[in-house]
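Summary of structural features
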Amino acid sequence: MLLFLSVPQPRPPGARTRAGAARVARWRRLRLQQLRRLRGLLRVLRGRPGAGSRRRGRMALCGQAAGAASLPSELIVHIFSFLPAPDRLRASASCSHWRECLFYPALWPQLRICLRVSPAEQPRLEFLMRKCGWFVRELRVEFAAENYLSGGGPGDGGGADSGTGGEEVEALQLSARWLEVLRTYLELVLCVLVSIRNNRNLQKFSLFGDISVLQQQGSLSNTYLSKVDPDGKKIKQIQQLFEEILSNSRQLKWLSCGFMLEIVTPTSLSSLSNAVANTMEHLSLLDNNIPGNSTLITAVELERFVNLHSLALDFCDFTAEMARVLTDSNHVPLQRLSLLVHNVSVMHKSLDNMPNDEHWKALSRKSTSLRVYIMAFDIKSEDMLKILKPSIPLERIHFDSYITCVSGAIVDLISRQYDKFLTHFILMNDVIDTSGFPDLSDNRNEDPLVLLAWRCTKLSLLAIHGYTVWAHNLIAIARLRGSDLKVLEVTEESIDFDQGELADQDVDPVHNLIEQVSLGLGQPWHAVMDIESLSVFTEPNRHFYREMQSFSEDI
């Protein structure tokens with residue numbers, strides 16, 4: 001006898017009524033579609049796209065067949081949160097659903113952009129800022145002008161005949177490139193500012209403009225700017241947008257603007273509300289092109305910034321009255337102070353109002369952890385002697401010279417006064433004639449650089465170019481500091497040898513130098529062969545700005 005056992009199956013919803021027949025059929029179809037999507041997704045995850053072609057399998061990844069589009073948006077956002085920013089941008093080109101998920105605000109809390117001042121960058125910048133500008137919390141933008149402005153590039157008139165005619169052709173072509181770069185620069189700045197004008201979530205805002213390339217003999221030619229912006233409308237629009245961003249901000253803690261072209265004015269900070277100014281932790285205003293005695297911030301304005309932990313200003317703008325304000329009891333102790341000493345500012349502004357040694361002592365008493373970073377552009381020795389007060393807690397100093405060289409007396413003074421604090425010492429001299437570099441040592445038995453390494457026990461970085469460094473002194477520096485000297489960068493053309501070392505035929509002086517310095521440092525060492533590879537030499541403004549940022553963040 002055959003027994004047929006009926007196993008009860010789960011009844012679809014609405015199956016007992018005739019009116020639910022349509023719902024039953026629709027439920028079964030949806031169930032079948034979900035199973036098919038799940039199978040397709042499993043095949044993709046296992047690396048077996050199925051019987052179809054490879055091309056169909058790749059297309060199915062973003063289509064309905066594989067089920068990628070049916071994944072919850074929250075899951076896609078979580079998956080792509082593990083990708084770096086460049087890969088996220090590439091993934092956004094897959095399909096519209098991914099693009100919507102990939103520009104979810106949680107994926108872009110910070111945005112750091114380095115832009116060439118080129119028309120090709122504008123559509124990319126507009127797309128990115130349109131997607132992220134309204135919600136990004138940390139925005140850092142660096143504008144980098146191309147080096148072709150200095151000449152020597154293709155189509156720059158290099159093949160023209162020498163003489164007056166060739167010089168005129170080259171001048172016209174250079175003028176056209178200047179106009180193009182300035183026009184593009186203004187458009188890119190406008191694009192950034194327009195996109196964040198209503199962003200109330202912005203907490204860190206940093207702008208760097210490489211106007212050092214857009215300058216000629218230290219000051220920007222107003223002729224080119226008047227041709228690009230004859231009525232000054234774009235410049236005014238940029239300044240108004242910057243003030244609007246400040247006035248709309250509610251959570252801004254970090255404001256940094258360095259070497260930008262006429263974006264910050266002496267009245268810009270007045271747009272900040274008192275609530276935002278009272279909670280600001282970092283303020284950086286670096287611009288040596290402000291005419292006359294006007295400054296970007298005054299001591300009265302600084303009184304509102306009671307919570308500042310780090311500050312970066314032009315040295316001529318940092319007055320004794322500002323030092324007094326920072327020592328008030330209602331201000332929190334200042335931790336980092338970065339000062340830019342530029343020959344243009346020194347020529348147009350006076351050093352009479354700078355803090356004296358008593359002011360620096362008061363600042364140090366207010367904050368025992370205060371550290372100072374000084375960058376000096378082409379400053380005369382007599383001016384440096386006025387600036388370098390004994391009580392400055394100087395941790396880093398960077399000299400960059402084009403005309404005026406640093407004397408051995410200045411190096412000796414630094415090693416004596418700041419032996420307890422100094423960790424970074426950079427000495428750069430951009431000279432055209434490399435046949436004879438200035439020698440810092442008047443006495444061959446007491447080299448200032450060797451004494452610097454001996455006295456400054458915390459020295460961890462030493463970089464030199466454009467000054468004579470004797471081979472035996474370089475070996476002594478390596479032996480004195482040993483493995484504590486993490487970075488020792490000396491260009492090959494700066495190193496010189498004694499006649500006795502060159503006369504010894506049994507020992508290769510270069511090989512012996514490399515071996516002895518490597519032994520002293522406890523790590524392989526070579527002289528810098530290509531000076532263009534050193535950003536501290538090729539882009540001193542950018543190097544100082546980035547170092548200032550990390551110096552201010554390292555609290």
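Read on for an overview of the structure. All figures in this text were calculated on a predicted structure; none of them were measured in a lab.

1. Examining the overall build of the protein
Counting its secondary structure elements, the protein contains 22 helices and 14 strands. The buried share among the 555 residues of the protein stands at 49%. A fraction of 80% describes how many contacts in the protein between residues 6 or more apart in sequence connect residues 24 or more apart.

2. Section: helix H22 (residues 540–553)
Think of an α-helix as 3.6 residues a turn; residues three or four steps apart then line up on the same face. If you check H22, its first and last C-alpha atoms are 20 Å apart, about what 14 residues at 1.5 Å a residue would give, namely 20 Å. Along H22, 10 of the 14 residues are buried, which leaves the element largely enclosed by surrounding structure. Within the span of H22, buried status applies to Pro540, Asn541, Arg542, His543, Phe544, Tyr545, Met548, Gln549, Phe551 and Ser552.

3. Some points on the layout of surface pockets
Considered as a void within the structure, the second largest pocket measures approximately 340 Å³ in volume. Along its surface, the second largest pocket is lined by 15 residues, and Ala85, Leu89, Trp108, Leu111 and Arg112 are the ones closest to its centre. Looking at the lining of the second largest pocket, the elements with two or more residues in it are helix H4 (85–91), strand E1 (110–116) and helix H6 (121–132). It is E1 that contributes the most residues to the lining of the second largest pocket, five residues altogether. Looking at which domains feed residues into the lining of the second largest pocket, each of domain 1 (71–107) and domain 2 (108–147 + 174–280) supplies at least three.

4. Let's talk about the pairing of strand E4 (residues 254–258)
In regular strands, side chains alternate between the two faces of the sheet. Taking burial as the measure, the five residues of E4 include five buried ones, the bulk of the element. Both faces of E4 are covered, namely the face carrying Trp254, Ser256 and Gly258 and the face carrying Leu255 and Cys257. As defined by bridge partners, strand E3 (residues 204–209) adjoins E4 across five bridges and the pair is classed as parallel. Looking across to E4, one finds that Ser206 is bridged to Ser256. Bridge analysis of E4 against strand E5 (residues 282–286) gives five bridges, and the strand direction is parallel.

5. Describing the sheet that holds E1
Pairing within the open sheet is parallel, and its 12 strands lie in the order E1-E2-E3-E4-E5-E6-E7-E8-E9-E10-E11-E13. Only two strands of the sheet have a single partner each, and these edge strands are E1 and strand E13 (487–490). Strand-to-strand twist of the sheet, defined as the mean angle between neighbouring strand axes without regard to direction, takes the value 5°. As defined by bridge partners, E1 adjoins strand E2 (residues 138–144) across seven bridges and the pair is classed as parallel. Bridge pairing in E2 links Ile113 to Val141. Docked against the sheet, H6 engages E1 and E2, running at close to 170° with respect to E1.

6. Considering the packing of aromatic side chains
Summed over the entire model, instances satisfying the criterion amount to 12 aromatic pairs. Ring centres 5.9 Å apart and planes at 40° place the aromatic pair Phe318 and Trp360 in the tilted group. Remark: Trp360 occurs in helix H14 (residues 357–366) and Phe318 occurs in the loop between strand E6 (310–314) and helix H12 (320–326); sequence separation between them is 42 residues. The class for Trp360 is buried, based on a relative accessible area of 1%. The rings of Phe103, Trp108 and Phe127 are connected pair by pair, giving a single aromatic cluster. For the cation-ring pair, Arg336 lies above Phe551, with the distance from its terminal atom to the ring centre recorded as 5.3 Å. Between the NZ or CZ atom of Arg396 and the centre of the ring of Tyr373, over which it lies, the distance is 5.8 Å.

7. Describing the packing of helix H16 (residues 408–417) against helix H17 (residues 448–455)
Orientation of H16 relative to H17, taken along the N-to-C sense of each, is 10°, at an axis distance of 9 Å. By the angle class used here, H16 and H17 are roughly parallel. Each of Gly408, Val411, Asp412, Ile414, Ser415 and Arg416 in H16 lies in contact with H17, whose residues at this interface are Pro448, Leu449, Leu451, Leu452 and Arg455. Tallied by class, the residues present in the contact of H16 with H17 amount to six nonpolar, two polar and three charged.

8. Concerning the pattern of salt bridges
Side chains bearing opposite charge may pair, as long as their charged atoms lie close to each other. The final tally for this structure, using the stated rule, is 22 salt bridges. Asp357 is the partner of Lys361 in a salt bridge, and the nearest nitrogen-oxygen pair spans 3.8 Å. In this pair, Lys361 and Asp357 are both assigned in helix H14, four residues apart and thus about one turn of the helix distant. Taken together, the shared-partner salt bridges in this structure form one network comprising Arg112, Glu138, Arg140 and Glu553.

9. Points about the side chain of Asp229
Here Asp229 lies in the loop between helix H8 (222–228) and helix H9 (233–248). Although Asp229 lies buried, it forms no salt bridge, and the closest oppositely charged side chain, Lys234, sits 6.6 Å away as judged by the N-O distance. Among the polar contacts listed, one links the side chain of Asp229 to the backbone nitrogen of Lys233, at a separation of 3.1 Å. Here Lys234 takes part through its backbone nitrogen, which lies 3.1 Å from a polar atom of the side chain of Asp229. Those residues in contact with Asp229 that sit more than four places away from it in its chain are Leu186, Lys234 and Ile235.

Calculation rules
Residues numbered from 1 in each chain as written. Predicted model: local features only at pLDDT ≥ 70, side-chain atom pairs only at ≥ 80, totals over all residues. Heavy atoms only, no water. Helix = DSSP H or I, 4+ residues; strand = E, 2+ residues; numbered from the N terminus. Buried < 20%, exposed > 50% of the residue type's maximum accessible area, 1.4 Å probe, protein only. Contact = heavy atoms within 4.5 Å. Expected span 1.5 Å × (residues − 1). 1 Å grid on protein atoms, 1.4 Å probe; cavity = no way out; pocket = protein on both sides within 12 Å on 5 of 7 lines; lining within 4 Å. Points joined across faces, edges and corners; volume = space filled by probe spheres on them. Domains from an automatic or database assignment. Pairing = 2+ DSSP bridges. Axes fitted to C-alpha atoms, helices over the stretch in contact; angles between N-to-C directions. Phe/Tyr/Trp six-rings, centres within 6.5 Å; stacked < 30°, edge-to-face > 60°. Lys NZ or Arg CZ within 6 Å of the ring centre and 35° of its normal. Parallel < 35°, antiparallel > 145°, perpendicular 65-115°, else oblique. Nonpolar A, V, L, I, M, F, W, Y, C, P; charged D, E, K, R; others polar. Salt bridge = Lys/Arg side-chain N within 4 Å of Asp/Glu carboxyl O. Lys, Arg positive; Asp, Glu negative; His and termini not counted. Polar contact = N/O pair within 3.5 Å; in protein donor to acceptor, adjacent residues only side chain to side chain.

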